[in-house]
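# What the coordinates show
The residues making up each chain are set out below.
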Amino acid sequence: MPLLSRTGGARARRWTAAASAVVVAALAAAPAVAAGPAPAGAGAAESWRGTLVSAPAPAGSLDREAVGKQLSGAGIDTSSVAYGTRAYRLTYRTITPQGRPTTATGLFLLPQDDGRRRLGLVADEHGTTAWRENAPSGRHGKPLGPLVQASAGRAVAAPDYLGLGGGPGLHPYMDTASSVSASLDMLRASRAAARLLHRELTGDVYATGFSQGGQVAMALARALQGGADRHFRLRAVAPVSGPYDLEHAELPGLLDGRVENVSAVFYLSYFLTAQNKLHPLYKDPAEVFRGPYASKVEKLFDTRHTEDEIVKNLPATVGELLTDDFRARLQHPSGGLLDALRAQDGTCDWKPRVPVRLDTARGDRDVPIANSQMCARDFARHGVKATVVDHGAVNHFGAFRAGAPQIARWFDAVERR
């Protein structure tokens, strides 16, 4: 649960909509590319993973001054902006949660006129969105994080995840494994795209992301350090406000009021309907959701409804959304529900050999700061001290606004080591 880019309250929605409008005006996404027939069988898919379906599709460019205006208009410090950016929409082959061949899309950004042919690559993972057009390469995508990172002088791979952007099917929300596989294959597609664009990637990867993307970035970093692809070397990890501990931090916050009502209702509805396709949570939505929501909640998360449309069709509180029996189950998870939670947790239970920074905010009422604190404790048990950067009494989006440019400069310092 993690983290919505649109439902953190009306004020946050207004800020996000305004930021999206100015970015999308300059980075108009290219139309979807036909994927063609997929290879048969999971074994065949392995040899196709990360390959481009077609050439990179130009998605707009911004000079340095325009990047600065976009970011400052969204309340983001521009001191890390050194270059303009060029964006490309990629369509590439990857796998479903069941290991079957599919396609996914994402946004690939390059710094303009930086004088270097070889670039490090930032994996920038986006936060929760239910509408496919809100993904980075979508028509209403808001690639503020990728803009920050690319304008600082590195290439950026911003995957849409499965089922979002131009990808087929539904999005398996909070399925960490498939988000990591789609992100890893986006890195591979970006390496191929860079060559077609007469640029070259060094192989160094800097992992970051916001909200849901913070958790994905952490899991991707673990996979890269574990040798998921020999062409890539993890250099640093710096996620913002990730839901690293669903069982002990995020879920309790959703139920006890630490997460504000609108966000809690949205996240729980999205998580439960998506995870039920992967884990046995319920046979009938009425086991979980009260009427009249039981009859419509699954249809709302079809990737075709905007976040505002979804929120308008859901109740104001968790108590109005869930049956008493299922709310009690959430307070003491077991069976398929516990499996669904634990399948996403443990992303901080490893020993990084690279610098780690955890940005968060004690004022965050979407992803409580306890998530980052517990992540740091997990690392400490492995003898690793992860820097926790608390941006104070700001909200969820405030943590991103403060953290993103600081992370870009921090990546600069790591690169110089």
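Located above this text is the structure these notes cover.
Being a predicted model, the structure only gives us computed values, none of them experimental.

## Considering the overall build of the protein
- Counting its secondary structure elements, the protein contains 15 helices and nine strands.
- Across the 417 residues of the protein, 63% fall into the buried class.
- Taking the contacts inside the protein whose residues are at least 6 apart along the sequence as the reference set, 80% of them involve residues at least 24 apart.
- As displayed, the protein has an accessible area near 15,400 Å², and 50% of this comes from carbon and sulfur atoms.

## Let's talk about the state of the cysteines
- As enumerated under the stated definition, the model contains one disulfide in all.
- Note on cysteine connectivity: Cys 348 is disulfide-linked to Cys 375, with sulfurs 2.0 Å apart. For the disulfide bridge between Cys 348 and Cys 375, the dihedral angle about the S-S bond is near -95°, and by the sign convention the bridge is left-handed. Taken together, the residues span a long stretch of sequence, with Cys 348 in the loop between helix H13 (335–344) and strand E8 (357–360) and Cys 375 in helix H14 (residues 370–381) at a distance of 27 residues. Across this residue pair, the class does not change: Cys 348 and Cys 375 are buried.

## Overview of the side chain of Thr 85
- Looking at the secondary structure, you find Thr 85 in strand E2 (residues 85–95).
- Once you skip the residues sitting within four places of it in the chain, Thr 85 turns out to touch Gly 60, Ser 61, Leu 62, Val 67, Leu 109, Leu 110, Gln 112, Leu 147, Ala 150 and Ser 151.

## Description of the environment of Ala 193
- With respect to the helices and strands, the residue Ala 193 is situated in helix H5 (residues 176–196).
- When its relative accessible area of 0% is taken as the criterion, Ala 193 is described as buried.
- The sequence separation of Ala 193 and Ser 54 amounts to 139 residues, and the corresponding C-alpha distance is 9.7 Å.
- Leave out the neighbours within four places in its chain, and Ala 193 touches Leu 52, Pro 56, Leu 90 and Phe 108.

## Observations concerning the packing of aromatic side chains
- In the structure shown here, the tally under the stated rule is eleven aromatic pairs.
- Their ring planes at 85° and their centres at 5.9 Å tell us that Phe 266 and Tyr 270 sit as a pair that is edge-to-face. Of the two residues, Phe 266 and Tyr 270 are both situated in helix H8 (residues 261–275); the distance of four residues between them amounts to about one turn of the helix.
- Given the relative accessible area of 0%, Phe 266 is considered buried.
- In this structure, Arg 154 packs its charged tip against the face of Tyr 206, placed 5.4 Å from the ring centre.

Definitions and cut-offs
- Residues numbered from 1 in each chain as written.
- Predicted model: local features only at pLDDT ≥ 70, side-chain atom pairs only at ≥ 80, totals over all residues.
- Heavy atoms only, no water.
- Helix = DSSP H or I, 4+ residues; strand = E, 2+ residues; numbered from the N terminus.
- Buried < 20%, exposed > 50% of the residue type's maximum accessible area, 1.4 Å probe, protein only.
- Contact = heavy atoms within 4.5 Å.
- Areas by Shrake-Rupley, 256 points an atom, 1.4 Å probe, with all protein chains shown as cover.
- Disulfide = S-S within 2.5 Å.
- Phe/Tyr/Trp six-rings, centres within 6.5 Å; stacked < 30°, edge-to-face > 60°.
- Lys NZ or Arg CZ within 6 Å of the ring centre and 35° of its normal.

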